[in-house]
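Spelled out from the first residue to the last, the chains are:
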Amino acid sequence: LQPCLQFARLSAQDASPRVSQSRSLHYQNVNQDLIRTVDPLEQIWLRCEIGAPQETGDFILVFSDLRIDLIDVYLGDSTEPAFQGGDARPDFQSNFLRPNATIRLEKGASASLWIRLSGAYNVPTDISVYGPMAFQKQARMQTFWQSMFFGILLVMIVFYGIGLFAFKDAAVRGYLMYLSGVTLYFLYRTGMYHTYLAPQGDFWYNTITAPLLVLPYSGGLLFLRTFLRLNRISAKLDTWVRSFQYLLLIALPLALLSRSMCIGFGLWVSVIVGPAAWILSWSLVRKSRSALLFSLIWGIPIVSSIIEILSKEGFYALPVPREALLQGAIMIEVLCFAVLVGLRIRSEERTRQTQAVRLALIQKDLIRAQEIHSDLLPGNTDAFPELQIHTHYQPMSYLGGDYYSFVRHGRRVGILVADVTGHGLPAALDASAVHVAHQTIYKRSQSAADVLSGMNEFLAPVSSYRFTSAVYVILDTDSGALEVSRAGHPAPYILRSDGSVVEVGPEAPLLGMRPEMQYMQLEYQLFPEDRLILYTDGVFEVPDRGQGVESVPSMQEAIRRNSHLDGESFAVAVCSLFAAFRAQEDQDDVTLLQIKWEGPQTVR
């Protein structure tokens, strides 16, 4: 075989004398009517001289690529195509990847082949001629190689597709998109897409083929971002790479406007994006160990592409087919990335299991802390038969910073309501300190003001970063006399039996702010059927978010509106009135106490 390939680009709009001379030089054996009827698509003509076979027989002409619209092969001076690649399927069953034409030559004879490639926007193709035995051998090898290559890709796509539902990992999603893009690209590059999925003339043949050039790179950039966790290294850089990743998808609508422009766009993407991602990963090696691994693996196909280009330019001959070189590099790459992604999944799964165990222990500790905190609160009020006491307590989470207590001062009853700043476990721990302070101080105190002053002195050394509001009242169960002292706490109210509402208690700083502070008290008279309302700010506070806060009623108004209710119904109605104005994230610990004194006749 002594091939002599000569070619020239022709266009129906180009009829200059120079081109006409070129036609007469290269196509003197081709019928002139045929040349005059070329379609407006860009074309490449090839002339191949095949000479002197040792015996008469059929020879198979094989093209290594099918990224063209139409292949016409003319033997000798014939004007009828010996083969039309766009209209026929491969005629050898095991050679499912390549178009081929069968040519019969006599022993010792030579022949001229004229090959027209229509719509040849991207033809990095080899043309080979095989005898029947050699063709079958080559077809079997090609079938085995491509089956293994696509089999590995498809198995990994299925595996990581299932894994994506199980692990919800961003790197798995990026790797899956990259695998899908690589698979589609090689279906296009090897001709399988054209041969089996979109025959020539089909709508998808003329549109979707071109964007397949950019899908691997768009998926590759997504994988780069997620694998390197680029948003943790540099949020700005991650934004730029993500924007460029989406910009590549412009090839999808561009294919509907101009396939030649779309293919050109895809070719430039192939030249720019792969090396750019490689350089970017190398630049991040000092900041991320994963960047080094990514760079080494991502560079394998790039190096193989450089070797392939040098081979095409004639610097040396490859010992393996060119497509096998790039596909082998891609296979190594995806397998290496599969190992790394698998290791990451295993590591993160172990981390999740460890965190799950720790979370279970934390939840167990929280439940125990909740039990302890609940034990600090009075469980029943049977020890105070002179009073009707109703409590409504609702912490924001497992634990809260609100605290209340009832104690005896001889014939008098002391009632404390306190609110530690903050939420959750820290606030609950500080609430336990409030409990200790109260239990320590009230036994040696004679008045409500003495209790708060003593608690303030007790708590000041441990309240450097957290403060407590509190209200303390002492009710004389014989006379109904009421002492009220406040420390930065919302004012209590007396709901009279006639429906009027009275605010009680003096204003004063929070507990723990000024160790030397001596608190004051005011005295009031409680009558039978009057109700004393004590509460924390979680009941009525509504953050100002500019959405109707001016319409929120005051605490005094809320008490007046629901004065016809009693006990738990009263507490729920008041708390629900304010809760309707709050978002879920604005919830706070809620405590509301209602104490009713029915008169001296209830004393036992």
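Residues numbered from 1 in each chain as written. Predicted model: local features only at pLDDT ≥ 70, side-chain atom pairs only at ≥ 80, totals over all residues. Heavy atoms only, no water.

1. Re the overall build of the protein
Helix and strand counts for the protein come out as 17 helices and 18 strands. Taking all 604 residues of the protein together, 48% fall into the buried category. Taking the intrachain contacts of the protein between residues at least 6 apart in sequence as the baseline, contacts between residues at least 24 apart amount to 74%. Entry remark: accessible area of the protein is about 29600 Å², with carbon and sulfur atoms responsible for 58%. (Helix = DSSP H or I, 4+ residues; strand = E, 2+ residues; numbered from the N terminus. Buried < 20%, exposed > 50% of the residue type's maximum accessible area, 1.4 Å probe, protein only. Contact = heavy atoms within 4.5 Å. Areas by Shrake-Rupley, 256 points an atom, 1.4 Å probe, with all protein chains shown as cover.)

2. Thoughts on the packing of aromatic side chains
As enumerated under the stated definition, the model contains 20 aromatic pairs in all. Relative to F150, the ring of F149 lies with its centre 5.2 Å away and its plane at 80°, an arrangement referred to as edge-to-face. Taking the relative accessible area as the measure of exposure, F149 reaches 1% and is therefore buried. Note on F150: relative accessible area 6%, which makes it buried. When the centroid spacing of 5.0 Å and the interplanar angle of 90° are considered together, the rings of F159 and Y160 count as edge-to-face. With a relative accessible area of 4%, Y160 lands in the buried category. The lysine or arginine in question, R531, covers the ring of F570, its NZ or CZ lying 5.3 Å from the ring centre. (Phe/Tyr/Trp six-rings, centres within 6.5 Å; stacked < 30°, edge-to-face > 60°. Lys NZ or Arg CZ within 6 Å of the ring centre and 35° of its normal.)

3. Observations regarding the side chain of R486
Its place among the elements puts R486 in strand β13 (residues 481–487). Of the polar contacts made by the side chain of R486, one reaches the backbone oxygen of H489; its length is 2.9 Å. A polar contact is formed between the side chain of R486 and the backbone oxygen of G505, at a distance of 3.1 Å. Ignoring anything within four residues of it in the chain, the contact list for R486 reads L452, A470, V471, A491, P492, V504, G505, P506, E507, A508, Y519 and M520. (Polar contact = N/O pair within 3.5 Å; in protein donor to acceptor, adjacent residues only side chain to side chain.)

4. Describing the sheet that holds strand β12 (residues 468–476)
In spatial order, the strands read β10-β11-β12-β13-β16; together these five strands make up an open sheet with antiparallel pairing. Two strands bound the open sheet, and with one partner strand each, they are β10 (402–409) and β16 (522–525). Across this sheet, the average inter-strand angle for adjacent strands is 20°, counted without regard to direction. Note: β10 against strand β11 (residues 412–420), eight bridges, orientation antiparallel. Bridge pairing in β11 places V407 opposite G414. On the sheet, helix α14 (residues 424–441) packs against β10, β11 and β12 and is oriented at approximately 10° with respect to β10. (Pairing = 2+ DSSP bridges. Axes fitted to C-alpha atoms, helices over the stretch in contact; angles between N-to-C directions.)

5. What to know about the pattern of salt bridges
Opposite charge on two side chains permits them to pair, given that their charged atoms come into close proximity. What the rule picks out here adds up to 15 salt bridges. Of the charged contacts in the structure, one is a salt bridge between D238 and R225, with a shortest N-O distance of 2.9 Å. In this pair, D238 is assigned in helix α9 (residues 235–247) and R225 in helix α7 (residues 215–228), connecting sequence segments 13 residues apart. Using a relative accessible area of 6% as the deciding quantity, one classes D238 as buried. By relative accessible area, R225 is classed as buried at 11%. Residue R412 pairs with E483 through a salt bridge whose shortest N-O separation is 3.1 Å. A residue pair is termed long-range when its members are at least 10 positions apart, and R412 in strand β11 and E483 in strand β13 qualify at 71 residues. For the pair R412 and E483, one class covers both residues: buried. One network of salt bridges, in which partners are shared, links E529, R531, D566 and K596. (Salt bridge = Lys/Arg side-chain N within 4 Å of Asp/Glu carboxyl O.)

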